[in-house]
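# Structural description and commentary
Listed below are the residues making up each chain.
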Amino acid sequence: MTTTRRKRKRRLKADINVVPYIDVMLVLLIIFMVTAPLLNLGVDIQLPQSNAKTVTEQKDPIVVSVDREGHLFLTIEGAKNEAVTTEQMVAKVGAYVRNNPKVAVFVAGDGNAPYQTIYSVLTDLQTKANVPRAGLMSNPAEVPAK
């Protein structure tokens, strides 16, 4: 009785094991989902509605934002919002307007912010910072569908 053993050749698998890649992807997804809400890119402001025409400017305007609690934020030339005090806002806006007299300055006040705070910002811009053109920002009013 002769036993002949046949040697079986093992075939190489050409498949890619994707399980580790899926694990890494899920971990990254969870990390991004957790950190995304923590990134505060702007200030939540609910602007009042208006039917006024939009203003077109050649340069980016200066935007002074007033949030619901009355805190001031300054945006110059599209830079990110920067929390400022009234004195800092007057100094920075005044210096920028002296160098660029035709730039528009807008006050974006939250609809629920105290009106006195928004009015004080406008007054400070015109009297202390010598801003010739200061206006209020609003969202365009939504026209109801007929």
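Residues numbered from 1 in each chain as written. Predicted model: local features only at pLDDT ≥ 70, side-chain atom pairs only at ≥ 80, totals over all residues. Heavy atoms only, no water.

The chain is annotated in an unreviewed UniProt entry as Tol-Pal system protein TolR of Luteimonas galliterrae. Check the Function (unreviewed entry) section of the UniProt entry for the chain; it says "Part of the Tol-Pal system, which plays a role in outer membrane invagination during cell division and is important for maintaining outer membrane integrity." Its UniProt record gives the chain the following Subunit (unreviewed entry) comment, quoted word for word: "The Tol-Pal system is composed of five core proteins: the inner membrane proteins TolA, TolQ and TolR, the periplasmic protein TolB and the outer membrane protein Pal. They form a network linking the inner and outer membranes and the peptidoglycan layer." (UniProt positions renumbered as here; feature names shortened; annotations may be inferred.)

### Quick look at the packing of helix α2 (residues 86–99) against helix α3 (residues 115–127)
Contact geometry of α2 with α3 gives a least axis separation of 10 Å together with a crossing angle of 40°. As the angle between them shows, α2 and α3 are arranged oblique. α3 is crossed by α2, and the crossing has right-handed handedness. Contacts between α2 and α3 pair Thr 86, Met 89, Val 90 and Val 93 from the former with Val 121, Asp 124 and Leu 125 from the latter. When the residues that make up the contact of α2 with α3 are grouped by side-chain class, the tally is 5 nonpolar, 1 polar and 1 charged. (Axes fitted to C-alpha atoms, helices over the stretch in contact; angles between N-to-C directions. Helix = DSSP H or I, 4+ residues; strand = E, 2+ residues; numbered from the N terminus. Parallel < 35°, antiparallel > 145°, perpendicular 65-115°, else oblique. Left-handed = near helix turned anticlockwise from the far one by under 90°. Contact = heavy atoms within 4.5 Å. Nonpolar A, V, L, I, M, F, W, Y, C, P; charged D, E, K, R; others polar.)

### Some words on the pattern of salt bridges
Once their charged atoms are close, side chains differing in charge can pair, the charge on each being opposite to the other. Under the criterion given, the structure shown has 2 salt bridges. Linking Lys 92 and Glu 82 is a salt bridge whose minimum nitrogen-to-oxygen distance equals 2.5 Å. In this pair, Lys 92 is assigned in helix α2 and Glu 82 in strand β4 (residues 82–84), connecting sequence segments 10 residues apart. Judged by its relative accessible area of 35%, Glu 82 is partly exposed. Linking Lys 128 and Asp 124 is a salt bridge whose minimum nitrogen-to-oxygen distance equals 3.6 Å. Its relative accessible area of 55% is what places Lys 128 among the exposed residues. (Salt bridge = Lys/Arg side-chain N within 4 Å of Asp/Glu carboxyl O. Buried < 20%, exposed > 50% of the residue type's maximum accessible area, 1.4 Å probe, protein only.)

### Things to note about a nonpolar patch on the surface
Residues Ile 16, Val 18, Tyr 21, Ile 22, Met 25, Leu 26, Leu 29 and Met 33 make up a contiguous nonpolar surface patch of about 830 Å² in total accessible area. Note that Met 25 resides in helix α1 (residues 19–35). (Patch = residues over 30% accessible without salt bridge, like charges linked within 9 Å, V, L, I, M, F, W, Y side chains within 5 Å. Areas by Shrake-Rupley, 256 points an atom, 1.4 Å probe, with all protein chains shown as cover.)

### Details of unusual backbone geometry
You will see that Asn 130, though not glycine, has its phi angle at about 55°, which is positive. Inspection of the secondary structure puts Asn 130 in the loop between α3 and β6 (134–136).

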